[in-house]
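Chain by chain, the residues:
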Amino acid sequence: GRFGGGCAGSSFGRSLSLFKTFAPMPVRTFGVAINIGVYPNNYSFVCGFMSGVTNVISLLIDSRGRFVVVQAANPGVVLAASPDFVFRLNAWYYLEFKLIAGIGGATGTFILRMNGVPIIAQTGYTTGLTTTNRIFLGGDNTYIIDDFYVLNNTGPENNDFLGEQK
């Protein structure tokens, strides 16, 4: 891990996959420390917000060293991307990805922060769904992860970006 403990990852070409189901909510925020070892040949899946078994929106890494937000499954329809080579290989970064689900029309919003700085933000995409109730975290052997959280926007505390977690 980043601070001497354990972390999650995969090796020998195997994938890492974690699913968690929650009560349906229109707003979700996900944070994770990530260390990317190689640029993927095409795309590598980082996380996805789902409604049931439907993948609403996903965060990927591509061969140009970008974080890419897509609608639906990998590779899906590209909605936005960070600048090329926004991260160095073999270094830890803390990502936070927030989704406000669209309501049939062009009302959806997403924001991706890297080490607290927004690198992707978009409003006005259409999902046709009003809530998400699952998060999928996983990918191939291009990266390792540590210190992740998932939250919604209810309650007086811990209801928005938390910043780096340890």
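Computed from a prediction, not measured in an experiment: that's the story for all the values here. (Residues numbered from 1 in each chain as written. Predicted model: local features only at pLDDT ≥ 70, side-chain atom pairs only at ≥ 80, totals over all residues. Heavy atoms only, no water.)

A. Molecular detail of the overall build of the chain. Of regular secondary structure, the chain possesses zero helices and twelve strands. The helix and strand sequence of the chain, counted from the amino end, reads β-β-β-β-β-β-β-β-β-β-β-β. The buried share among the 166 residues of the chain stands at 45%. For the chain, contacts bridging at least 24 residues in sequence account for 61% of all contacts bridging at least 6. Summed over all atoms, the accessible surface of the chain reaches about 7600 Å², with 53% contributed by carbon and sulfur. (Helix = DSSP H or I, 4+ residues; strand = E, 2+ residues; numbered from the N terminus. Buried < 20%, exposed > 50% of the residue type's maximum accessible area, 1.4 Å probe, protein only. Contact = heavy atoms within 4.5 Å. Areas by Shrake-Rupley, 256 points an atom, 1.4 Å probe, with all protein chains shown as cover.)

B. Layout of the pattern of salt bridges. Across all of its chains, the model carries three salt bridges by this definition. A salt bridge links arginine 66 to aspartate 62; the shortest N-O distance between them is 2.7 Å. Here aspartate 62 falls in the buried class, since its relative accessible area comes to 3%. One salt bridge connects aspartate 84 with arginine 66, and the closest N-O pair in it is separated by 3.9 Å. Within this pair, whereas aspartate 84 is found in the loop between strand E7 (77-81) and strand E8 (92-100), its partner arginine 66 is found in the loop between strand E5 (54-62) and strand E6 (67-71), the two being separated by 18 residues in sequence. With a relative accessible area of 38%, aspartate 84 lands in the partly exposed category. Shared partners join several salt bridges into a network, and the residues in it are Asp62, Arg64, Arg66 and Asp84. (Salt bridge = Lys/Arg side-chain N within 4 Å of Asp/Glu carboxyl O.)

C. Representation of the side chain of threonine 109 within the structure. Looking at the secondary structure, you find threonine 109 in strand E9 (residues 108-114). Only 3.4 Å separates the side chain of threonine 109 from the side chain of threonine 123, close enough to count as a polar contact. Other than its neighbours up to four places away in sequence, threonine 109 contacts Lys98, Leu99, Ile100, Gln122, Thr123 and Tyr125. (Polar contact = N/O pair within 3.5 Å; in protein donor to acceptor, adjacent residues only side chain to side chain.)

D. Representation of the environment of glycine 52. Secondary-structure assignment places glycine 52 in the loop between strand E4 (43-51) and E5. The exposure class of glycine 52 is partly exposed, given its relative accessible area of 27%. When the C-alpha atoms of glycine 52 and threonine 131 are compared, they prove to be 9.8 Å apart, with 79 residues separating the residues in sequence.

E. Spatial organisation of the environment of tryptophan 92. Tracing the backbone shows tryptophan 92 in strand E8. Overall, tryptophan 92 belongs to the partly exposed group, its relative accessible area being 26%. A sequence separation of 59 residues divides tryptophan 92 from alanine 33, and the C-alpha atoms of the two residues are 6.5 Å apart.

F. Up close: the packing of aromatic side chains. Evaluated as defined, the whole model comprises six aromatic pairs. Relative to phenylalanine 87, the ring of tyrosine 39 lies with its centre 5.6 Å away and its plane at 45 degrees, an arrangement referred to as tilted. Of the two residues, tyrosine 39 sits in the loop between strand E3 (27-36) and E4 while phenylalanine 87 sits in the loop between E7 and E8, which places them 48 residues apart along the sequence. Of the residues examined, tyrosine 39 reaches a relative accessible area of 27% and is grouped as partly exposed. Relative accessible area serves as the criterion here: at 2%, phenylalanine 87 is assigned to the buried category. (Phe/Tyr/Trp six-rings, centres within 6.5 Å; stacked < 30°, edge-to-face > 60°.)

G. Layout of the confidence of the model for the chain. Averaged over every residue, the pLDDT of the chain is 80; residues scoring 70 or more account for 80%. Ranking the elements of the chain by mean pLDDT puts strand E1 (residues 8-9) last with 52 and E8 first with 91. (pLDDT = per-residue confidence, 0-100.)

H. How the structure looks around the pairing of E8. Judged by how many residues are buried, E8 sits mostly within the fold: seven of nine residues are covered. Sheet analysis places E3 next to E8, joined by nine bridges and oriented antiparallel. Across the sheet, residue alanine 33 finds its bridge partner in E8, namely tyrosine 94. Two elements, E8 and E9, share six bridges in a ladder whose sense is antiparallel. In the sheet register, leucine 99 faces E9, and the bridge partner there is phenylalanine 110. (Pairing = 2+ DSSP bridges.)

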